[in-house]
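# Descriptive analysis of the structure
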Amino acid sequence: MYQEDSDWEDIIPLPQDDGDQPLAQIAYTDEYTEAMSYLRAIMAKEEYSQRALEITEHITEMNPAHYTVWLYRAKVIFALNADLRKEIEFLNEKALRHEKNYQIWHHRQLVMDKLGDPTGESEFIEQMFEKDAKNYHVWSYRQWLVKRFGLWDNGELEYVQKLLERDVRNNSAWNHRYFLVFGKGDTPNQNVVEREM
């Protein structure tokens, strides 16, 4: 694929070096092996380009849990001043297909932190909770959003209450409620204590 592509003719692929006698060599597909060899080569050159963005998309399609590829993708996006809303849209599709993938959620956090505007995140998280209201990665991300953007009083408690009314055994929702009540570090006032009792 890349070997025959004229856009990549300036790159000498950098194959994976597992040593002379690898203990547990992984049987990668030829497509994945080739893509990773080209990615390694451009990473070694610290190339931040459109083709770097495209190859990270290709590799994360084959292996959405490749943490190093996601970190490199973030560097590329930031170096190119790429449209961060488009990246969030890209991540929406990925997250809906790979719900419990830490790497996708960490990348989303990096992008959202740089973007500095959580508009649309609550709605997307609701969509994720429709699939699985106990998804640890989504809850962790939601807590980060609340803390990063000061969303403590932005309908969070009401939303958690709605989830608990659907399923009182949702420990993730209970944990988030605890986080909302005590996470700021303030001592709750009497009204809050009575409400929570």
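Here, every reference points to the structure presented above.
Small disclaimer: the values here were computed from a predicted structure and weren't measured.

### Observations concerning the overall build of the protein chain
Helix and strand counts for the protein chain come out as 10 helices and zero strands. Mapped in sequence order, the helices and strands of the protein chain form the string α-α-α-α-α-α-α-α-α-α. The globule rule puts the C-alpha radius of gyration for 197 residues at 16 Å, and the 21 Å found for the protein chain is more than 25% above it. For the protein chain, the proportion of its 197 residues judged to be buried stands at 43%. Carbon and sulfur atoms form 48% of the exposed surface of the protein chain, whose accessible area is close to 11,700 Å². Across the protein chain, the centroid of the 23 positively charged side chains sits 7 Å from that of the 36 negatively charged ones.

### Quick notes on helix 8 (residues 156–166)
Those residues of helix 8 not exposed but buried are Glu156, Leu157, Tyr159, Val160, Leu163 and Leu164. When helix 8 is viewed along its axis, its buried side chains cluster within an angular range of 160° and face the same direction. Exposed positions of helix 8 whose direction lies more than 90 degrees from the buried face are Glu158 and Glu165. Lining the buried residues of helix 8 we find helix 6 (121–131), helix 7 (136–149), helix 9 (171–182) and helix 10 (190–196).

### A closer look at the packing of aromatic side chains
According to the stated counting rule, one finds 15 aromatic pairs in the structure shown. Judged by centre distance (5.0 Å) and plane angle (35°), the ring pair of tryptophan 152 and phenylalanine 179 falls under tilted. Here phenylalanine 179 lies in helix 9 and tryptophan 152 lies in the loop between helix 7 and helix 8, a separation of 27 residues in the sequence. According to the relative accessible area criterion, phenylalanine 179 is buried, its value standing at 12%. One aromatic cluster is present, formed by Trp105, Phe124, Tyr141, Trp144 and Phe149 through successive ring pairs. The ring of phenylalanine 90 is capped by arginine 73, whose NZ or CZ atom sits 4.3 Å from the centre of that ring. The ring of phenylalanine 78 carries lysine 114 above its face, with NZ or CZ at 5.3 Å from the centroid.

### With respect to the nonpolar core
Formed by 49 residues in total, the largest nonpolar core has its most connected members in Leu39, Ile42, Ile55, Ile59 and Leu145. Residues contacting leucine 39, with those up to four places away along its chain left out, are Ile55, Thr56, Ile59, Val69 and Tyr72.

### A word on the packing of helix 2 (residues 50–62) against helix 3 (residues 67–80)
Relative to each other, helix 2 and helix 3 sit at 150°, their axes nearing to 9 Å. As summarised for this structure, helix 2 and helix 3 are arranged roughly antiparallel, according to the angle between their axes. Note that helix 2 runs across helix 3; the crossing there is left-handed. Contacts from Gln50, Ala52, Leu53, Thr56, Glu57, Ile59 and Thr60 of helix 2 reach helix 3 at Val69, Trp70, Tyr72, Arg73, Val76, Ile77 and Leu80. Among the residues forming the contact of helix 2 with helix 3, the class breakdown is nine nonpolar, three polar and two charged.

Reading the values: rules and limits
Residues numbered from 1 in each chain as written. Predicted model: local features only at pLDDT ≥ 70, side-chain atom pairs only at ≥ 80, totals over all residues. Heavy atoms only, no water. Helix = DSSP H or I, 4+ residues; strand = E, 2+ residues; numbered from the N terminus. Rg over C-alpha atoms; globule rule 2.2 N^0.38 Å. Buried < 20%, exposed > 50% of the residue type's maximum accessible area, 1.4 Å probe, protein only. Areas by Shrake-Rupley, 256 points an atom, 1.4 Å probe, with all protein chains shown as cover. Lys, Arg positive; Asp, Glu negative; His and termini not counted. Charge placed at Lys NZ, Arg CZ, Asp CG, Glu CD. Arc of directions from axis to C-beta. Contact = heavy atoms within 4.5 Å. Phe/Tyr/Trp six-rings, centres within 6.5 Å; stacked < 30°, edge-to-face > 60°. Lys NZ or Arg CZ within 6 Å of the ring centre and 35° of its normal. Core = buried A, V, L, I, M, F, W, Y, C linked by side-chain atoms within 4.5 Å. Axes fitted to C-alpha atoms, helices over the stretch in contact; angles between N-to-C directions. Parallel < 35°, antiparallel > 145°, perpendicular 65-115°, else oblique. Left-handed = near helix turned anticlockwise from the far one by under 90°. Nonpolar A, V, L, I, M, F, W, Y, C, P; charged D, E, K, R; others polar.

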